[in-house]
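Here's the letter readout for the chains.
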Amino acid sequence: MSASADFEPTIIGFLCRWCSYTGADLAGTSRVKYPPNMIPLKVMCSGRVDPSLVLKALADGADGVLILGCHPGDCHYHEGNHKTMRRVPMLKSVLQQYGIDPARVRLEWVSASEGDRFAEVVHDFTEEIRALGPQKRVESVA
Amino acid sequence: MDTSKGNGHGASSNGEIRVGVYVCHCGTNIAATVDVAEVVRFAEGLPNVAVAKDYQFMCSEPGQELIQQDITEHKLNRVVVAACSPLMHEPTFRRACAEAGLNPFLFQMANIREQCSWVTTDKPRATEKAKHIVRAAVSRVALHAELQVREVPVNERVLIIGGGIAGIEAALQIADAGKPVILVEREPSIGGRMATFDKTFPTLDCAACILTPKMVSAGQHRNIDIRSYAEVASVSGHVGQFQVSIRRNRRYVDDKKCNGCGLCYQECPAIVSPKSRKVSIEGQPYFVGSYAEGGEARKVTIRQGDRERRKPIKDTPTGDCIFCGKCATACSEVVGAHAIVLRRDESAEAGKQRSLEFNGNCIGCGACVRECPTGALTVTDAQDRQVLHHEMMLGPNKAIRVPTLQAVPNVPFIDEETCIHFRNGGCGHCAEVCPQEAISYDMEEAIEEVEVGSILVATGFDTIDLAPMVQYGWGRYDNVISGLEFEILCHASGSTGGKILKADGTPPKSVAILHCIGSRDEHYHEHCSRVCCMYSLKFAHLVREKVECDVYEFYIDIRAGGKGYEEFYKRLMREDVTFIRGKAAEVTNWPMSPEEEGKLVVKAEDTLLGQIRRVPVDMVILSPALQAREGAQTLAQTLGIGCGGEGFFLERHPKLAPVQTAADGVYVAGACQSPKDIPDSVAQGAAAAANILSLIDKGTFSIEPVVAVIDETLCGGCRTCINMCPYSALSADEERNVAVCESALCKGCGTCVATCPAGAIQQQGYTDAQIRAELEGALGRLAASSAE
Ligand SMILES: Cc1cc2nc3c(=O)[nH]c(=O)nc-3n(C[C@H](O)[C@H](O)[C@H](O)COP(=O)(O)OP(=O)(O)OC[C@H]3O[C@@H](n4cnc5c(N)ncnc54)[C@H](O)[C@@H]3O)c2cc1C
Ligand code: SF4
Ligand code: SF4
Ligand code: FES
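These figures come from a predicted structure and were not determined experimentally.

## With respect to the overall build of chain B
Broken down by element type, chain B carries 20 helices and 39 strands. At 35 Å, chain B has a C-alpha radius of gyration far larger than the 28 Å of a compact globule built from 788 residues. By principal-axis analysis of the C-alpha atoms, chain B measures approximately 125 × 70 × 45 Å. Among the 788 residues that make up chain B, the fraction classed as buried is 55%. Taking the contacts inside chain B whose residues are at least 6 apart along the sequence as the reference set, 70% of them involve residues at least 24 apart. For chain B, the separation between the mean place of its 81 positive charges and that of its 99 negative charges on side chains is 3 Å.

Spelled out as structure tokens, the structure:
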């Protein structure tokens, strides 16, 4: 596949159960529309997102990975998201070493009441990944 | 949910995984955008799937029965329902599985409604997405293991932190149900903010008349133990079994002995002072500065000299010294400061020989002023803001006092900053007069350990600090006061006896009430404080009831949502109150026209007229934003609950679990959760009580098994995980050099799992293998393998 206007990226979303998953549900109940490119995975906290899971997603064919957690200070487990915040830059530097554009992984905060914002973030990220084009399969990373 | 049942299908006898997939139409909610039949066909072809079906409403009884029949008929040992969000119906389907004998954790929900059919209109792509979601669930569920919900016993005793109206209401409800309550209140008395109010909106009923009976019932209830002047120092344990240590501050009065007679505060000579005071004789200051930090004492002498000898005037103090010497006696004998000396000059003519020397030893306690029969001695607490700020209190203004005369418990406390004994070791009057010998100056702080099964937080709110908001002049102009100050000014037992007076003691002719000070303002708080409009309207009514005067309300919008609130607003509009739609920008005392001379000028843009207005008034009342209590964050950490962006405690769900929190067994009620009026605070207090009583009545609490488990054969003892856990659930077993997890404390965030470099920690229900399988399913590896 090559980067083209009709390239539909596949995106994996790790959504923390408390804020972001609820926010995503709210986008649904409010019938906000966004591109259907992201397959959501529920985790208890963004702090659960082990970098190796992100690498695996990219290796298995995801073109981008979105990690969504509660806003800083709002994490259901106090500071799980602070740990994510520290982990993601490290992960990005690893990605660079593998030759993967770090922009393919994004961390965002979406609260349970931000259905609109959730849709916006997914929309935005989808378009960004679409512009980046498909991700080359890197079999060896995960 | 009964989890003890299990048909042993977890892994069937031959280890075969048999998944049943059920795709819901949800009427047209799903079926209109997702081709349900197509998804079923797709699911049928997935590995391990024994049966795939669709149904109109899976959550309905027939829908659930469909699953239950198939569990028996098709020997299913895994179930996937593709329907709405698991936050909606996961418990329903888990229960259905359990009833059919399948361990409820062998179930997985695929959300194809909220996160699929409802968020796109593109049918082919929605169907495609639904397939991915279903495949991820099927792939994951194969790796699910049987888990057991754990039951922990619940201690009946309840801890309530904060004795405002919300906490009191909850305490009474729980205690009436026969369960023991410990009510911890930081202040010397329970009652909270409401105890300082005169009247309450919208009914204008007297606050004390409705609150005092409740306070008294709480004080007398045999199931309620009040710990006032106390705070929660630490909390450990978990739902059902919390260990709490309560720190009891030094009150210096033994609450077991005191009978509340009040002799001590009648006799106490020390007058409460704020930061800076001036004590003078006939207008000449001999003590100036901060009483608490020690001020500057000057030498002053006054002589009788040529003055005529005057008789003491009892009824109307003249303000002239008659050289009676009472002050000197008080100072030496009571205070022990020996700062005032009365001398006789034997050589002088009779009647003219006395003099009073203030020798510079004064500590500024004010005891002498109390003894002076003529008013020659005066103490002014020389903050700029006299009438209103000093003695801004409802109880007696003494070093030993109760916060209000209706205090519960009716036990005084000594304020060390004002008490003479704590200043120079003198006085000791109160201990002498106390008939119960309840007063002891060397009382120590005490720590009490209690065990409780649940905790309710009802610590209420603070109002925003007005001092930094210089544009409104609070702290600069005497007659700019805050809402809470107005409540006291208006209160029958306040410093003016309920009269509305300016700092100079005269009634105002015009008053401006400024809404939204710090609320709905991006520089301070974004939120609406919800009660300010209503109490501002209440203030307008009270001012007009008490003084002949013009009242202006400066508002952005009037928010009168509540039972009887709009009606109250209408009523005020008929009461000749001038409403100016515009947020006040500043308050100054710079006149720009003759009628502004000597006035405070409120400047605002009137958005209805579209022009800037300057309104000169005598008094300004600010309606400051309600904000989270100082220290709320620390308390939240102690309790393992969260605070939202604005610092208020976070409820578990804003709509469906408003009094529960993230921590099981910890509840919130009242204005500590968000700004609230009294009716809502009471409703929440009662709701929390009902939640707590149902927990107690059940007797046990089921803990979700989504916890961390450590594989000790893999753990290298590096301890990386230990500091990661926000709940201290992980600790190191020194002997075996491995990490151990106390599963009753673990809340299952999974942070440690993602951290462990050895992969030794797994989170039940979210194991690495399960998430990896889910990823593979989501991304299509599974399809590839099924095609093989
Ligand atoms: C100026 C003003 C006027 C108002 N007028 C009205 C009105 O007319 N009608 C109406 O319905 N509402 C009115 N309100 C709103 C009303 O004050 C609140 O609804 C009510 O006080 C909330 O009760 P609460 O119990 O949640 O909190 P609070 O009244 O704040 O009580 C909380 C209690 O917890 C204690 N506490 C705090 N921290 C701790 C701690 N760490 N440990 C132990 N104890 C602690 C406090 O000392 C206090 O006793 C008004 C508010 C203001 C600011
Ligand atoms: S010892 Fe302190 S509290 Fe007691 S009467 Fe004297 S000044 Fe008042
Ligand atoms: S899962 Fe979270 S709460 Fe449980 S032990 Fe690990 S870090 Fe602590
Ligand atoms: S629970 Fe949402 S980020 Fe931690």
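## Notes on the state of the cysteines
What the rule picks out here adds up to 1 disulfide over all chains. Its sulfur unpaired, Cys-756 of chain B is 5.9 Å from the next cysteine sulfur, which belongs to Cys-718 of chain B.

## Concerning the site of ligand 1
Residue and element names in this part refer to chain B. Neighbouring ligand 1 are 34 residues; Glu-185, Phe-201, Lys-538, Lys-676 and Ile-678 lie closest to it. Here an oxygen atom of ligand 1 sits 3.0 Å away from a polar atom, N or O, in the side chain of Arg-629. Protein contacts shield 97% of the accessible area of ligand 1, which totals 990 Å² for the unbound molecule. Taken together, the elements giving at least two residues each to the shell around ligand 1 come down to helix 5 (165–176), strand 7 (181–185), strand 8 (199–200), helix 13 (483–490), helix 14 (532–546) and helix 17 (678–698). Classifying every residue of the shell around ligand 1 gives 14 nonpolar, 10 polar and 10 charged. Residue-level mapping places the shell around ligand 1 at the junction of two domains, with at least three residues from each of domain 2 (161–237 + 447–459 + 635–698) and domain 4 (461–627).

## Regarding the environment of Leu-91 of chain A
Residues and elements named next belong to chain A. By the element assignment, Leu-91 lies in helix 3 (residues 80–97). Spatially, the C-alpha atom of Leu-91 lies 11 Å from that of Asp-101, the residues being 10 residues apart in sequence. Excluding residues that lie within four positions of it along the chain, Leu-91 makes contacts with Pro-51, Val-54, Leu-55 and Val-105.

## Some details on unusual backbone geometry
Most peptide bonds take the trans configuration, and most residues that are not glycine carry a negative phi. Residue and element names in this part refer to chain B. Looking along the chain, the bond that leaves Phe-201 and enters Pro-202 is cis, with omega of -15°. In this fold, Pro-202 is placed in the loop between strand 8 and strand 9 (205–206). The backbone of Lys-75 sits at a positive phi, close to 50°, despite the residue not being glycine. For Lys-75, the position within the fold is in the loop between helix 2 (61–73) and strand 3 (78–83). A relative accessible area of 54% places Lys-75 in the exposed class. Of note, Arg-719 is a non-glycine position whose phi angle comes to about 70°, a positive value. Mapping Arg-719 onto the fold places it in the loop between strand 36 (708–710) and strand 37 (730–733). Overall, Arg-719 belongs to the partly exposed group, its relative accessible area being 36%.

## Some remarks on the domain arrangement of chain B
When the domains of chain B are assigned, the result is domain 1 (19–147), domain 2 (161–237 + 447–459 + 635–698), domain 3 (276–381), domain 4 (461–627) and domain 5 (708–764). Measuring from the centre of the C-alpha atoms in domain 2 of chain B to the corresponding centre in domain 5 of chain B gives 35 Å.

## Points about the site of ligand 2
Residues and elements named next belong to chain B. Neighbouring ligand 2 are 13 residues; Cys-268, Cys-419, Ile-420, Cys-427 and Cys-430 lie closest to it. Of all the secondary structure elements, the ones that give two or more residues to the shell around ligand 2 are helix 11 (420–424) and helix 12 (429–433). Split by residue class, the shell around ligand 2 holds 10 nonpolar, 3 polar and no charged.

## Overview of the packing of aromatic side chains
Following the criterion strictly, the structure yields 12 aromatic pairs over all chains and no others. Look at Tyr-229 of chain B and Phe-413 of chain B: their rings are 5.3 Å apart centre to centre, the planes differ by 50°, and that puts the pair in the tilted class. With Tyr-229 of chain B in the loop between strand 10 (224–228) and strand 11 (230–238) and Phe-413 of chain B in strand 21 (residues 413–414), this residue pair connects regions lying 184 residues apart in the sequence. A single burial state applies to Tyr-229 of chain B and to Phe-413 of chain B, both of which are buried. Centre to centre, the rings of Tyr-252 of chain B and Phe-422 of chain B are 4.6 Å apart; their planes meet at 45°, and the pair counts as tilted. Taken together, the residues Tyr-252 of chain B in the loop between strand 12 (241–248) and helix 7 (263–267) and Phe-422 of chain B in helix 11 connect sequence positions 170 residues apart. The exposure class of Phe-422 of chain B is partly exposed, given its relative accessible area of 28%. Among the aromatic side chains, those forming a connected cluster through ring pairs are Tyr-252, Phe-422 and Tyr-441 of chain B. A cation over a ring is seen here: Arg-17 of chain A above Trp-18 of chain A, with NZ or CZ 3.9 Å from the ring centre. Note that Arg-31 of chain A overlies the ring of Trp-118 of chain B, its terminal NZ or CZ placed 3.7 Å from the centroid.

## Some thoughts on the interface of chain B and chain A
Residue-level contacts link 47 residues of chain B with 50 residues of chain A. Where chain B abuts chain A, roughly 4,300 Å² becomes buried across the two surfaces, and 58% of that area is made up of carbon and sulfur atoms. It is Gln-115, Trp-118 and Leu-779 of chain B that lose the most area in chain B upon contact with chain A, and together they represent 15% of the buried surface on that side. Taken together, chain B and chain A are joined by 3 salt bridges.

## Thoughts on the side chain of Asp-462 of chain B
All names here are of chain B. With respect to the secondary-structure elements, Asp-462 resides in strand 24 (residues 461–463). Here Asp-462 falls in the buried class, since its relative accessible area comes to 16%. For Asp-462, the side chain forms a polar contact with the side chain of Arg-193, separated by 3.1 Å. Leaving out residues up to four positions away in the same chain, Asp-462 has contacts with Arg-193, Ala-625, Leu-626, Gln-627, Ala-628, Arg-629 and Glu-630.

## Re the pattern of salt bridges
Scanning the entire structure with this criterion turns up 49 salt bridges over all chains. Across the salt bridge formed by Arg-117 of chain A and Glu-114 of chain A, the nearest N and O atoms sit 3.6 Å from each other. By relative accessible area, Glu-114 of chain A is classed as partly exposed at 22%. Salt-bridge contacts for Arg-613 of chain B lead to Asp-606 of chain B; the nearest nitrogen and oxygen are separated by 3.0 Å. Note on Asp-606 of chain B: relative accessible area 3%, which makes it buried. Counted as one network, the salt bridges with shared partners bring together Arg-106, Glu-108, Glu-114, Arg-117, Asp-124 and Glu-128 of chain A.

## A few points about the sheet that holds strand 18 (residues 354–359) of chain B
Residue and element names in this part refer to chain B. Ordered by their spatial adjacency, 3 strands build an open sheet running 16-18-17, and the pairing between neighbours is antiparallel. Single-partner strands in this sheet number two, and they are strand 16 (299–303) and strand 17 (340–344). Averaged over all pairs of adjacent strands, the angle between their axes in this sheet comes to 15°, without regard to strand direction. Inspection of the sheet shows strand 17 paired to strand 18 by 5 bridges, in the antiparallel sense. For Arg-343, the partnering residue across the bridge sits in strand 18 and is Ser-355. This element, helix 8 (residues 326–335), spans strand 17 and strand 18 of the sheet and lies at about 135° to strand 17.

## Some thoughts on the side chain of Arg-354 of chain B
Residues and elements named next belong to chain B. With respect to the helices and strands, the residue Arg-354 is situated in strand 18. On the basis of relative accessible area, Arg-354 is assigned to the buried category, the value being 17%. Within the local environment of Arg-354, its side chain forms a polar contact with the backbone oxygen of Phe-323, the two atoms lying 2.6 Å apart. The contact partners of Arg-354, leaving out residues within four places of it in the chain, are Arg-303, Gln-304, Phe-323, Cys-324, Leu-342, Arg-343 and Arg-344.

So, how was this worked out
- Just so you know, the residues in each chain are numbered from 1, in the order the chain's sequence is written.
- Written order decides the labels, with chains lettered from A and ligands numbered from 1.
- Only residues with pLDDT of 70 or above have their local features reported here, since the model is predicted, and side-chain atom pairs are shown and tallied only from 80 upward, although totals for entire chains, interfaces and linings are computed over all residues.
- The basis for every side-chain value is the complete set of heavy atoms in the structure, and neither hydrogens nor water enter the calculation.
- Starting at the N terminus, helices and strands are each numbered in turn, a helix being any DSSP run of H or I of at least four residues and a strand any DSSP run of E of at least two.
- For the radius of gyration, the atoms used are the C-alpha atoms, and the globule rule reads 2.2 Å times the number of residues raised to 0.38.
- Only protein chains enter the accessibility calculation, which uses a 1.4 Å probe. A residue is then buried if its area is under 20% of the maximum for its type, exposed if over 50%, and partly exposed in between.
- Two residues form a contact once any of their heavy atoms are found within 4.5 Å.
- The charged-residue count follows a simple rule in which Lys and Arg add positive charge and Asp and Glu add negative charge, with His and chain termini not counted at all.
- Note that the charge is assigned to NZ on lysines, CZ on arginines, CG on aspartates and CD on glutamates.
- By disulfide we mean two sulfur atoms from cysteines, separated by a distance within 2.5 Å.
- Consider each residue's heavy atoms; a residue with any of them within 4 Å of a molecule or strand counts as near.
- Any N or O atom pair separated by 3.5 Å or less is treated as a polar contact, with the protein-specific requirement of one donor-capable and one acceptor-capable atom, and with residues adjacent in sequence counted only for side-chain atom pairs.
- Areas reported here follow the Shrake-Rupley algorithm with a probe of radius 1.4 Å; residue values treat only the protein chains shown as occluding.
- In this classification, Asp, Glu, Lys and Arg are treated as charged, Ala, Val, Leu, Ile, Met, Phe, Trp, Tyr, Cys and Pro as nonpolar, and every other residue, Gly included, as polar.
- The source of the domain bounds is an automatic or database domain assignment.
- In summary, the pairing rule links any two rings of Phe, Tyr or Trp, Trp by its six-membered ring, whose centres are within 6.5 Å, and it sorts them by plane angle into stacked for under 30 degrees, edge-to-face for over 60 and tilted for everything else.
- Either the NZ atom of lysine or the CZ atom of arginine qualifies as a charge over a ring when it sits within 6 Å of the ring centre and within 35 degrees of the ring normal.
- Here the quantity called buried area is the accessible surface, traced with a 1.4 Å probe, that two parts lose on coming together, added over both.
- Any Lys or Arg side-chain nitrogen found within 4 Å of a carboxyl oxygen on Asp or Glu counts as a salt bridge.
- Strands are treated as partners if at least two bridges between them are detected by DSSP.
- Axis lines are fitted through C-alpha atoms, for helices just across the contact stretch, and the angle between N-to-C directions can take any value from 0 to 180 degrees.

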